[in-house]
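Here are the chains, one letter per residue:
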Amino acid sequence: MPRPSWDDYFMSIAEQVSGRSTCLRRATGAVLVKDKRILATGYNGVPKGLAHCEEVGCLREQRNIPSGSHHELCRGIHAEQNAVIQAAKHGIAMDGSTAYCTHQPCVLCAKILLNAGVVDIVYREPYPDPLSEELLAEANLVPRLFVPSSGQADS
């Protein structure tokens, strides 16, 4: 069995983390990595202590909010946000890190990742948020679409 590349390895972990999501619309996962070591992980779901959307319903569905708009109108926290929160809660510096995300970050997550010191973003699925792309480009950070390796691992 071929050894996975680092991108394959960390993206597979982000995908695994997304399995903990409690979102009814889209399960997402994120892994913050530096020097080939995991700093923190996050998945999308409601804040600690609140009822999950599967119990009370999806606020965005109830209000007919289209994907890619009004991110603030949601009970949940995005995977990237939760990963940054976990790292901060445990005193882990994120400067110079890479974020592996199952989905391209929205504008809110992009701003948080930039201020957390993330210098590289790798995502598996595109997400319709032109402002996110614009702000990241202005910061000279162009997210990379994940391309599975052909089985040849890097060191």
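Residues numbered from 1 in each chain as written. Predicted model: local features only at pLDDT ≥ 70, side-chain atom pairs only at ≥ 80, totals over all residues. Heavy atoms only, no water.

Colleague: Lay out the pattern of salt bridges with the relevant residues and their values.
Modeller: For the structure shown, the criterion picks out five salt bridges. A salt bridge links Arg124 to Glu15, with the nearest nitrogen and oxygen atoms 3.1 Å apart. One end of the pair, Arg124, is in strand S4 (residues 118–125); the other, Glu15, is in helix H1 (residues 6–18), with 109 residues separating them in the sequence. For Arg124, a relative accessible area of 27% puts it in the partly exposed group. A salt bridge links Glu61 to Arg25, with the nearest nitrogen and oxygen atoms 3.0 Å apart. Pair noted here: Glu61 is in helix H3 (residues 59–62) and Arg25 is in the loop between H1 and strand S1 (29–34), with a separation of 36 residues, a long-range link. Judged by its relative accessible area of 49%, Glu61 falls in the partly exposed class. Through salt bridges with shared partners, one network takes in Asp7, Asp120 and Arg144. (Salt bridge = Lys/Arg side-chain N within 4 Å of Asp/Glu carboxyl O. Helix = DSSP H or I, 4+ residues; strand = E, 2+ residues; numbered from the N terminus. Buried < 20%, exposed > 50% of the residue type's maximum accessible area, 1.4 Å probe, protein only.)

Colleague: Got a sec to walk through H1? Specific residues and values, please.
Modeller: The end-to-end C-alpha distance of H1 is 18 Å, a good match for the 18 Å that 13 residues give at a rise of 1.5 Å each. What H1 keeps buried is the set Asp8, Phe10, Met11, Ile13, Ala14, Val17 and Ser18. Packed against the buried residues of H1 are S1, strand S2 (37–43), strand S3 (97–103) and S4. (Expected span 1.5 Å × (residues − 1). Contact = heavy atoms within 4.5 Å.)

Colleague: So what's going on with the packing of helix H4 (residues 79–89) against helix H5 (residues 107–116)? Residues and values would help.
Modeller: Two elements in contact, H4 and H5, have axes whose closest approach is 9 Å; the angle formed by their N-to-C orientations is 25 degrees. Here H5 runs roughly parallel to H4, going by the angle between their axes. Between H4 and H5 lies a crossing of left-handed hand. Here Glu80, Gln81 and Val84 of H4 lie close against H5, whose contacting residues are Leu108, Cys109, Ile112, Leu113 and Ala116. (Axes fitted to C-alpha atoms, helices over the stretch in contact; angles between N-to-C directions. Parallel < 35°, antiparallel > 145°, perpendicular 65-115°, else oblique. Left-handed = near helix turned anticlockwise from the far one by under 90°.)

Colleague: I'd like a rundown of the packing of aromatic side chains, residues and numbers included.
Modeller: Geometry of an aromatic ring pair is reported as the spacing of the ring centres plus the angle between the planes. Throughout the structure, instances matching the rule amount to four aromatic pairs. Where Trp6 meets Tyr9, the ring centres are 5.8 Å apart and the plane angle is 80 degrees; that geometry is what we call edge-to-face. Residue Trp6 and its partner Tyr9 are both found in helix H1; the two are separated by three residues, about one turn of the helix. On the accessibility criterion, Trp6 (22% relative accessible area) is partly exposed. Look at Tyr9 and you get partly exposed, because its relative accessible area is 36%. (Phe/Tyr/Trp six-rings, centres within 6.5 Å; stacked < 30°, edge-to-face > 60°.)

Colleague: Go over the sheet that holds strand S5 (residues 144–145), please, and point to the residues and values.
Modeller: The five strands lie next to each other as S2-S1-S3-S4-S5, forming an open sheet whose pairing is mixed. Each edge of the open sheet carries a strand with a single partner, namely S2 and S5. In this sheet, S5 lies alongside S4 in parallel orientation, the contact comprising two bridges. Its bridge partner lying in S5, Val122 is registered against Arg144. Contacting S1, S2 and S3, H4 crosses the sheet at an angle of about 130 degrees to S2. (Pairing = 2+ DSSP bridges.)

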